[in-house]
Amino acid sequence: MVQRLEFLSKVAPFNLLPADVLEQVADQLQEIRYSKDTVIYQQEVTKMRGVDIIAEGEYESFFYDSQQNKRLLEHHHPGYCYGGISVLLNRKQSIRTVIAKKGTTVFFLHRKDFRSLCKAYEDFVQYFTADFGKRMLNDEFAHFYKRPATFEESYIASEQLYSRKIESIEYREIVSCPQSTPVYETARLMAKHKVSCIFIRNEQAKIVGYVTDITLRDNVVAKQADTAQPVGNIMDNPIVCISTNAYVYEAILMMFRTKTRYLLIKNGDEFVGSISRNKLLAEQAQSPLVFIQSVKQAISVQELKRKWESVPQMVTQLLGRGVNAEIVNQVITTIADTIAIKVIESVITTMGQPPAKFVFMVLGSEGRKEQTFKTDQDNAIIYEDKANEHREEVREYFLSFAQQVSEKLDHIGFSFCTGGYMAQNPKWTHSLSHWKRNYESWMTEAVPETVIQFSTFFDCRYLYGEASIMDELKEFLDEELQKPLGKIFFHMAKNALQYEPPLTFFKNIKTFTKGSQEVFDIKKSMTPIVDLVRMYALRHRIFEVNTGERLKALKEKDVFNEKEVHELIQSYYFLMGLRLRNQASQIIQDRTEPDNYIDPDKLTKIEKVALKEIFRTIDNFQTRIKVEFTNNLFG
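Residues numbered from 1 in each chain as written. Predicted model: local features only at pLDDT ≥ 70, side-chain atom pairs only at ≥ 80, totals over all residues. Heavy atoms only, no water.

1. Regarding the overall build of the protein chain
Our working definition: By the criteria applied, helices consist of DSSP H or I runs no shorter than four residues and strands consist of E runs no shorter than two, each listed in order from the N terminus. The rule is simple: take the accessible area with a 1.4 Å probe, protein chains only, and divide by the maximum for that residue type; under 20% is buried, over 50% is exposed, in between is partly exposed. Residue-level accessible areas treat just the shown protein chains as cover; the underlying method is Shrake-Rupley with a 1.4 Å probe. Within this scheme the basic residues Lys and Arg register as positive and the acidic residues Asp and Glu register as negative, but His and the chain ends are omitted. Note on charges: their place is set at NZ of Lys, CZ of Arg, CG of Asp or CD of Glu.
The secondary structure content of the protein chain amounts to 25 helices and 21 strands. Dimensions along the principal axes, computed over C-alpha positions, put the protein chain at roughly 95 × 75 × 45 Å. Considering the protein chain as a whole, with its 635 residues, one finds that 50% of them fall into the buried category. Surface accessibility of the protein chain: about 30,800 Å² in total, with carbon and sulfur atoms responsible for 48%. Distance between charge centres in the protein chain, computed from 82 positive and 83 negative side chains, equals 3 Å.

2. Details of the state of the cysteines
Which entries qualify depends on this criterion: When two cysteine sulfur atoms are found within 2.5 Å, that pair is recorded as a disulfide.
Applying the stated criterion to the full structure yields 0 disulfides. Counting only cysteine sulfurs, Cys 197 is the nearest neighbor of Cys 241, a cysteine outside any disulfide, at a range of 14 Å. Relative accessible area serves as the criterion here: at 31%, Cys 241 is assigned to the partly exposed category. Free of any disulfide, Cys 417 has its nearest cysteine sulfur in Cys 460, 15 Å distant.

3. Examining the sheet that holds strand E3 (residues 50-56)
Convention followed: Pairing between strands is defined by DSSP: at least two bridges between the two strands are required. The criterion used for residue contact is that any of the two residues' heavy atoms lie within 4.5 Å. For helices, the axis comes from a line fit to the C-alpha atoms of the stretch in contact; other axes are also lines fit to C-alpha atoms, and the angle between any two N-to-C directions lies between 0 and 180 degrees.
The antiparallel open sheet is built from 4 strands, whose spatial order is E1-E8-E3-E6. Strands at the two margins of the open sheet, each flanked by one partner only, are strand E1 (30-34) and strand E6 (81-82). Where E3 lies against E6, 2 bridges are found, and the strand directions are antiparallel. Following the sheet pairing, Ile 53 is matched in E6 by Cys 81. On top of the sheet, helix H4 (residues 111-120) reaches E3 and strand E8 (104-110); it is set at about 65 degrees to E8, its chief contact.

4. Section: the environment of Asn 245
Within the secondary structure layout, Asn 245 lies in the loop between strand E12 (241-243) and helix H10 (248-258). Overall, Asn 245 belongs to the partly exposed group, its relative accessible area being 47%.

5. A word on the environment of Arg 321
Along the chain, Arg 321 falls in the loop between helix H14 (311-320) and helix H15 (325-351). In this structure the C-alpha to C-alpha distance between Arg 321 and Leu 497, which are 176 residues apart in sequence, comes to 36 Å.

6. Considering empty space enclosed by the protein
To find leftover empty space, a probe the size of one water molecule is rolled over the atoms. Quick note on the threshold: Put plainly, a pocket is an open set of points on a 1 Å grid over the protein atoms alone with protein on both sides within 12 Å along at least five of seven lines, a cavity is a set where a 1.4 Å probe fits but cannot get out, and a lining residue has an atom within 4 Å of a point. Grid points are joined across faces, edges and corners, and a volume is the space filled by probe spheres set on the points. Here the nonpolar group is Ala, Val, Leu, Ile, Met, Phe, Trp, Tyr, Cys and Pro; Asp, Glu, Lys and Arg are the charged ones; every other residue, Gly included, is treated as polar.
One pass over the full model with this rule turns up 2 cavities of 30 Å³ or more. The computed volume of the largest cavity comes to approximately 70 Å³. Contributing to the lining of the largest cavity are Ala 336, Ala 340, Phe 360, Val 362, Glu 366, Gln 371, Asp 376, Gln 377, Asn 379, Leu 409, Phe 414 and Leu 463. Broken down by secondary-structure element, the contributors of at least two residues to the lining of the largest cavity are H15 and strand E15 (358-362). For the lining of the largest cavity, a count of residues per class yields 7 nonpolar, 3 polar and 2 charged. What the second largest cavity holds in volume is close to 50 Å³. Contributions of two or more residues to the lining of the second largest cavity are made by helix H19 (448-458) and helix H20 (467-480). Grouping the constituent residues of the lining of the second largest cavity by class yields 6 nonpolar, no polar and 3 charged.

7. So, the environment of Val 125
Inspection of the secondary structure puts Val 125 in helix H5 (residues 122-136). Residues Val 125 and Leu 88 lie 37 residues apart in sequence; the distance between their C-alpha atoms is 8.7 Å. Every residue in contact with Val 125, bar those within four places of it in the chain, is listed here: Leu 88 and Cys 118.

8. Notes on the pattern of salt bridges
Spelled out, the test is: Salt bridge, as used here: a side-chain nitrogen of Lys or Arg that lies within 4 Å of a carboxyl oxygen of Asp or Glu.
On inspection of all chains with the given rule, the structure shows 30 salt bridges. The salt bridge partner of Lys 101 is Glu 60, with a shortest N-O separation of 3.9 Å. Placement of Lys 101 in the loop between strand E7 (97-100) and E8 and of Glu 60 in strand E4 (residues 59-64) is noted, with a sequence separation of 41 residues between them. The salt bridge involving Glu 567 is made with Lys 563; its shortest N-O contact spans 2.8 Å. Residue Glu 567 and its partner Lys 563 are both found in helix H24 (residues 562-590); the two are separated by 4 residues, about one turn of the helix. Several salt bridges share partner residues, and in doing so they unite Arg 368, Glu 370, Asp 459, Asp 531, Arg 534 and Arg 550 into one network.

9. Regarding the packing of aromatic side chains
Formally: Any two rings among Phe, Tyr and Trp, with Trp reduced to its six-membered ring, count as a pair given centres within 6.5 Å; such a pair is stacked if its planes are under 30 degrees apart, edge-to-face if over 60, and tilted if neither.
A complete count under the given rule lists 39 aromatic pairs for this structure. Relative to Phe 560, the ring of Tyr 536 lies with its centre 5.0 Å away and its plane at 65 degrees, an arrangement referred to as edge-to-face. Residue Tyr 536 is located in helix H22 (residues 522-539), and its partner Phe 560 is located in the loop between helix H23 (547-556) and H24; the two are separated by 24 residues in the primary sequence. The exposure class of Tyr 536 is buried, given its relative accessible area of 2%. The rings of Tyr 421, Trp 428, Trp 435, Tyr 439, Trp 442, Phe 454, Phe 457, Phe 458 and Phe 543 are connected pair by pair, giving a single aromatic cluster.

10. Here we look at the nonpolar core
Where we set the bar: Note on terminology: a nonpolar core comprises buried Ala, Val, Leu, Ile, Met, Phe, Trp, Tyr and Cys residues joined through side-chain atoms within 4.5 Å.
Ranked by internal contacts, the top residues of the largest apolar core, which has 112 residues, are Ile 335, Phe 360, Met 361, Phe 401, Tyr 439 and Phe 457. Take this core: its biggest share by element is 12 residues, from H15. Leaving out residues up to four positions away in the same chain, Phe 360 has contacts with Ile 344, Asn 379, Ala 380, Ile 381, Phe 401, Val 405, Ala 423, Arg 461, Tyr 462, Leu 463 and Tyr 464. Val 11, Val 51, Val 106 and Phe 108 belong to the second-largest nonpolar core, a separate cluster that totals 46 residues.

11. Overview of unusual backbone geometry
Cis geometry marks the peptide bond from Ala 12 to Pro 13; its omega dihedral reads 5 degrees. By the element assignment, Pro 13 lies in the loop between helix H1 (2-8) and helix H2 (19-28). A cis amide bond links Asn 237 with the next residue in sequence, Pro 238, at an omega value of 10 degrees. By the secondary structure assignment, Pro 238 is in the loop between helix H9 (213-221) and E12. Phi at Gln 224 takes a positive value of approximately 55 degrees, unusual for a residue other than glycine. Of note, Gln 224 is situated in the loop between H9 and E12.

Below, the structure is given as structure tokens:
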């Protein structure tokens, strides 16, 4: 015991602890001996039970690259402590692979005891965070740390935290006032600019402090202080700043060390903005719910654009964790909806309140809540019927409104629809009575062109505005669908049968050449499922918009049995998962525009077998369509 205590007193950072605490630590240590060279930890695999303090012998630590070469080889000798960084900053997983050389003895301290020391002694925990910060300045260490060999999820999370610089984060402009400003006026400024922190300047215009919502609560409201007094009397300080060239992890560590909740951002000698701890942590949060909340709090189109650009990383994480593609679609849709609503609200703020009640609806894959990353705008506007004298005024407002919304969405990343199915197209911004005539003519004429339009606009969903307008349109459609519509179903069936599952005569996946690759189009592979489910939904007047939701409703009506619904849902979302993974990989790893082409050679054997079975399932359902809707088994 005495020898352990004497040994620990010479080991950093344990030598920073009080003598009585050190004595308790020495009593908790467990001695472990290694009689031969042993791999005791594997990078990003081994879960650390605690930390090791080498007493005798040697540890060899390194990263393995994809060719199993040892990279950044290090030798650690008596007095070295391994595992602290892994426990604190790497989800308890060993950062590196470690071999204990023959004749090595270590003192082991359990994780819970180590964490207790970190919570109680700030200098102790800073020893490990500072060491990690220095290591991250080594580009090779940073590369292998943020891209571990086996876990793509770890790569994505650390890519965000350890490679992003402050300049890439959407920080806020500095809102400030003189220190002579009355407290109540300061609060008004904060409310006007919608900020929870305002910076205070002295007579020389230098920032000398700050005031937050909490400052006002604690220093003014709770004390019933005079709100007319100068804000300099109640401000907080000191000011903590960081360079735009600093890394995000450095900013987070600085905030925890200094206990500040706001950092000033400095570019050279000039303050260019500020950022809150909540904002920084929200940027790193892996929870889609937290991310969606951060989207709601965005205040500019540029910030919304950056949010949308980061969605592929989140999707990769979710799919990598085994989250079903149906749920991932819901996440993408919710984020896209939130962005669109923010854009709509910003345009209304600029233009003024609309002169009539209206609905902004989304169509196509967006309407079905089945968006991917190769997506364009599909939307339309329905406004209430107004008296003749106001008709032109109303129409002029909504066309201008639609133009501005579409342009902002395009800038964010939702490109203009090549087919023109957008509200900014005068054809798709009209009164409710006009929209009723549109649907009626599409169903009455029932030629191939109008059937495509009807299919697109049947997949419509309320996004913003007066929900009762959308309800009235659907009530109208419900009545129209009770009329004889054999012709429209015939043409819809023809469309659904245009694409054949890509299987060769010998039941292999049929491909075509795209550049230097042999690929198949996964979007076209999914289209027959969307088409056939939509047809049955129309026939049975089901107004659910999502393919999965439509299938469940069709099962309730005994149109499909449980086995058939299960087959179609499993098939559709298996294809959707492949599609999303492929597009996210193109954006993140290849940094190219996403597409819908899949190279079968890059799929696993299990994925290929599943695809072939899915294509056979689609073929069987297409046979059913031929019989039920065209009265012709041969098409």
